[in-house]
Amino acid sequence: MTRSTPRAFLSHTDIRTIVIGVGVAMFLGALDQTIIAAALPAIASDLGGFDAISWVASIYLLTATAVTPLYGKFSDIKGRRTAMTLAVVTFVVGSVACALAPSMGWLIAARALQGLGGGGLISLAQTIVADIVAPKERGRYQIYFASVFLLASLLGPTLGGFFTQHLHWTLIFWINLPLGALAYFMSNNALKRLPRHDRPHELDVLGAVLLVAATVAMMLALHDGGTVYPWTSARILGLFAGSLALWLLFVWRIRTAHEPLIPLSVLNNNVVARGTVAASCGMGAYIGLSIYLPVYFQSARGMSTTESGLGLIPLMVGTVIGATIAGQLMGRIVHYKRVPVIGLFFAALGATSLALWADAMPLWLFATVLAVISIGLGTVLPTTTVAIQNAVEVHELGTATGTMNFFRQLGSAVTVAIFGALLNASGISEAALHTAGSVAAGGFTPIFAATAIGFCIAFVFILWMKERPLRSSARHAAEAVVVD
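From a predicted model like this one, the values you see are computed outputs, not experimental measurements. As a convention, each chain's residues are numbered from 1 in the sequence order in which they are written. Thresholds applied to this predicted model are a pLDDT of at least 70 for local features of residues and 80 or more for the giving and counting of side-chain atom pairs; totals over whole chains, interfaces and linings are not thresholded and use all residues. The side-chain figures draw on all heavy atoms in the structure; neither hydrogens nor water molecules are used.

**Considering the overall build of the chain**
Line of reasoning, step 1. The secondary structure content of the chain amounts to 21 helices and 0 strands.
Line of reasoning, step 2. By definition in these notes, contact holds between two residues if any of their heavy atoms fall within 4.5 Å. A sequence separation of at least 24 residues applies to 84% of the contacts in the chain between residues at least 6 apart.
Line of reasoning, step 3. In these tables, accessible area is a Shrake-Rupley quantity obtained with a 1.4 Å probe, and a residue counts as shielded only by the protein chains included in the view. As presented, the chain carries roughly 19600 Å² of accessible surface, and 68% of it is formed by carbon and sulfur atoms. Comment: elements are numbered from the N terminus, with helices defined as DSSP H or I runs of at least four residues and strands as E runs of at least two.

Written as structure tokens, this is what we have:
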């Protein structure tokens, strides 16, 4: 049975302290995905191993994605404070190991350790807010998290370039020590008062191993396919086959285990399933577009590296605007689902216009279309997160949130790989992609068309998702507060 010990409600000061504390923790994970890009050449120059440099960035994403659902389940069993402490400590220890790395192999291993901590920071932050804020009011708190991602996207490359050029690249890792300490001390005491809904849980170790192994095999295939090895090579096909077999075993496990890692009650939930697909497809299309737009700007439009970076600003800023609109309206209107439906409609329309007329658009119009796309996508993020959390029992909040984040990250990785395959299939040479103004008109049409398709799929699933009334009270949580 659930054990609930009545205590006083969390004060506004407690809630604000928790939100700021977990926001700093989330910033840790988000910043580390962007700050390293500018430092990669210097790292390779110091440590050697240019052929392995891509693994410094991708290994973090791989391990972080694989452990995301594990943190959700672990926090449902042991409590949010314990899980957040584990994530922050693991991340900081990994950062120190990265800064002290004497070789490329050591650095890659340390980045993998960093990812094991970073995978919990974002998911746990969203779950913690769900514990203390009523669903009807929760959307506006997602705005802060969207702002964290925007700040990390803009500040990360700038800090990475400054540290590398004027100081030393190891500072991109050392900076995580004060940030990690700040996140820990700001949130730890307040997190003691988080609501607990204890049940006799057990962690499905076999299910966790199968999930991590299936994810790693798939992401290795997506990372190396079409670049290091041909898609039809024995290595890539073997990885895909192995991943499929492991996924099938994972499905068997969740259907037969007494308490599976991801319960069937969560997977069979209409809102969780369809909301997760919508978020995964929408976010995947957005991430894929953001990765390949700088290449388009430079190779097709003849823009410099700095100019292409500035060209991304409308795409980055718009998501915060969209999230702000959706977050404010969720608590004020009954049919909150209409906001992301309208947003995705215009996002798909904007991506379609790029597929048809991108090369003919003046830059001001192109930037306007990017802003429309990102605002539309931004409305999806807080809506799906809050709707999913609102649709599950309180003791499944961590599991549901972790599952959503896991599939959203996995969907982004799959989409980026698909976009890369489409670009390779278009006949554009690698040399042309690195030469200003060398790609003919229409060369990136498959990328823009695939973006539109991703938004259309997200539109269908968000339209299909049930719209359950948002709970207007957090009393069920506040009355169950116990100390870890």
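**Side note on the nonpolar core**
Line of reasoning, step 1. Formed by 59 residues in total, the largest nonpolar core has its most connected members in Leu293, Leu354, Phe366, Phe448 and Phe455.
Line of reasoning, step 2. Mapped onto this core, the elements with two or more residues apiece are α6 (135-166), α12 (270-299), α14 (313-330), α15 (338-357), α16 (363-378), α17 (380-390), α18 (397-425) and α20 (445-464).
Line of reasoning, step 3. Ranked by residue count, the leading element in this core is α12, at 11 residues.
Line of reasoning, step 4. Excluding its chain neighbours within four sequence positions, the residues that come into contact with Phe455 are Gly282, Ala285, Tyr286, Leu344, Ala347, Ala348, Ala351, Ile373 and Leu377.
Line of reasoning, step 5. By convention a nonpolar core is built from buried Ala, Val, Leu, Ile, Met, Phe, Trp, Tyr and Cys residues, the set being connected through side-chain atoms within 4.5 Å. Throughout, exposure labels follow a simple rule: accessible area from a 1.4 Å probe, protein chains only, divided by the maximum for the residue type, with under 20% read as buried, over 50% as exposed, and the rest as partly exposed. Judged by nonpolar contacts, the second largest core, of 55 residues, contains Leu28, Ile36, Ile128 and Trp169.

**A few points about the environment of Ala257**
Line of reasoning, step 1. One can find Ala257 in the loop between α10 (234-256) and α11 (264-267).
Line of reasoning, step 2. Note on Ala257: relative accessible area 14%, which makes it buried.
Line of reasoning, step 3. Separated by 50 residues in the primary sequence, Ala257 and Gly207 place their C-alpha atoms 8.5 Å from one another.

**Side note on the side chain of Thr170**
Line of reasoning, step 1. Assignment of secondary structure puts Thr170 in the loop between α6 and α7 (171-174).
Line of reasoning, step 2. Think of a polar contact as two N or O atoms within 3.5 Å of one another; within protein, one of them needs to be a possible hydrogen donor and the other a possible acceptor, and neighboring residues in sequence only count if both atoms come from side chains. Side-chain polar atoms of Thr170 contact the side chain of His168, separated by 3.0 Å.

**Looking at the packing of α14 against α16**
Line of reasoning, step 1. Axis definition: a line fitted to C-alpha atoms, limited for helices to the stretch in contact. Angles are taken between N-to-C directions and run from 0 to 180 degrees. Relative orientation of the contacting elements α14 and α16 amounts to 40°, with a least axis distance of 6 Å. Crossing geometry of α14 relative to α16 is assigned as right-handed. On the side of α14, the interface is formed by Pro314, Leu315, Gly318, Thr319, Ile321, Gly322, Ala323 and Ile325, while α16 contributes Ala367, Leu370, Ala371, Ile373, Ser374, Ile375, Leu377 and Gly378.
Line of reasoning, step 2. Just so you know the grouping, Ala, Val, Leu, Ile, Met, Phe, Trp, Tyr, Cys and Pro go in nonpolar, Asp, Glu, Lys and Arg go in charged, and all remaining residues, Gly too, go in polar. Taken together, the residues of the contact of α14 with α16 break down into 11 nonpolar, 5 polar and no charged. For any pair of crossing helices, the crossing counts as left-handed if the nearer helix is rotated counterclockwise from the farther one by less than a right angle, and right-handed if it is rotated clockwise.

**Side note on the packing of aromatic side chains**
Line of reasoning, step 1. Stacked, tilted and edge-to-face pairs are distinguished by plane angle, under 30 degrees for stacked and over 60 for edge-to-face with tilted covering the rest, among Phe, Tyr and Trp rings (Trp via its six-membered ring) whose centres lie within 6.5 Å. Evaluated as defined, the whole model comprises 15 aromatic pairs.
Line of reasoning, step 2. When the ring of Trp247 is compared with that of Phe250, the centres are 6.1 Å apart and the planes differ by 80°; the resulting orientation is edge-to-face. Remark: Phe250 and Trp247 occur in helix α10; sequence separation between them is 3 residues, near one turn of the helix. Taken as a pair, Trp247 and Phe250 share a single burial class, namely buried.
Line of reasoning, step 3. Ring plane angle 55° and centroid distance 5.9 Å describe the contact between Tyr296 and Phe297, whose orientation is recorded as tilted.

**Observations concerning the confidence of the model for the chain**
Line of reasoning, step 1. Summary of the metric used: pLDDT quantifies the predictor's per-residue confidence within the range 0 to 100. Residues with a pLDDT of 70 or more make up 83% of the chain, whose mean pLDDT is 79.
Line of reasoning, step 2. The element-level mean pLDDT for the chain is lowest in helix α21 (residues 475-478), coming to 42, with α15 highest at 95.
Line of reasoning, step 3. Between residues 1-8, whose pLDDT stays under 50, and residues either more than four places distant or in other chains, the model counts 23 contacts.
Line of reasoning, step 4. Long-range and interchain partners of residues 474-484, a stretch whose pLDDT sits below 50, account for 40 contacts in this model, where long-range means more than four residues apart.

**Quick notes on the packing of α12 against α17**
Line of reasoning, step 1. Where α12 contacts α17, the two axes come as close as 9 Å, and the packing angle between them is 160°. By the angle between their axes, α12 is roughly antiparallel relative to α17. The two elements α12 and α17 meet at a crossing, and its hand is left-handed. Residue-level inspection shows Val271, Val272, Gly275, Thr276, Ala279 and Met283 of α12 in contact with α17, the latter providing Val380, Leu381, Thr384, Ala387 and Ile388. For classification purposes, an angle smaller than 35 degrees is called roughly parallel, one larger than 145 roughly antiparallel, one from 65 to 115 roughly perpendicular, and anything else oblique.

**Digging into the side chain of Asn176**
Line of reasoning, step 1. Residue position: Asn176 is located in helix α8 (residues 176-191).
Line of reasoning, step 2. A polar atom in the side chain of Asn176 sits 3.0 Å from the side chain of Ser95.
Line of reasoning, step 3. Aside from chain neighbours lying at most four places away, what touches Asn176 is Leu28, Asp32, Phe91, Val92, Ser95 and Gln114.

**Digging into a nonpolar patch on the surface**
Line of reasoning, step 1. Patch definition: residues with relative accessible area over 30% and no salt bridge; like charges joined within 9 Å; nonpolar side chains (Val, Leu, Ile, Met, Phe, Trp, Tyr) joined within 5 Å. In the sections that follow, a salt bridge refers to a side-chain nitrogen of Lys or Arg positioned within 4 Å of a carboxyl oxygen of Asp or Glu. Together, Leu154, Leu310, Ile313, Val317, Ile321 and Ile325 give the surface a local cluster of nonpolar side chains, amounting to about 470 Å² of exposed area.
Line of reasoning, step 2. With relative accessibility at 39%, the residue Ile325 sits in the partly exposed group.

**Some remarks on the environment of Ala39**
Line of reasoning, step 1. Within the fold, Ala39 resides in the loop between α1 (12-34) and α2 (40-47).
Line of reasoning, step 2. Between the C-alpha atom of Ala39 and that of Leu159, which follows or precedes it by 120 residues, the distance is 9.7 Å.
Line of reasoning, step 3. Ignoring anything within four residues of it in the chain, the contact list for Ala39 reads Thr164, Trp169 and Ile172.

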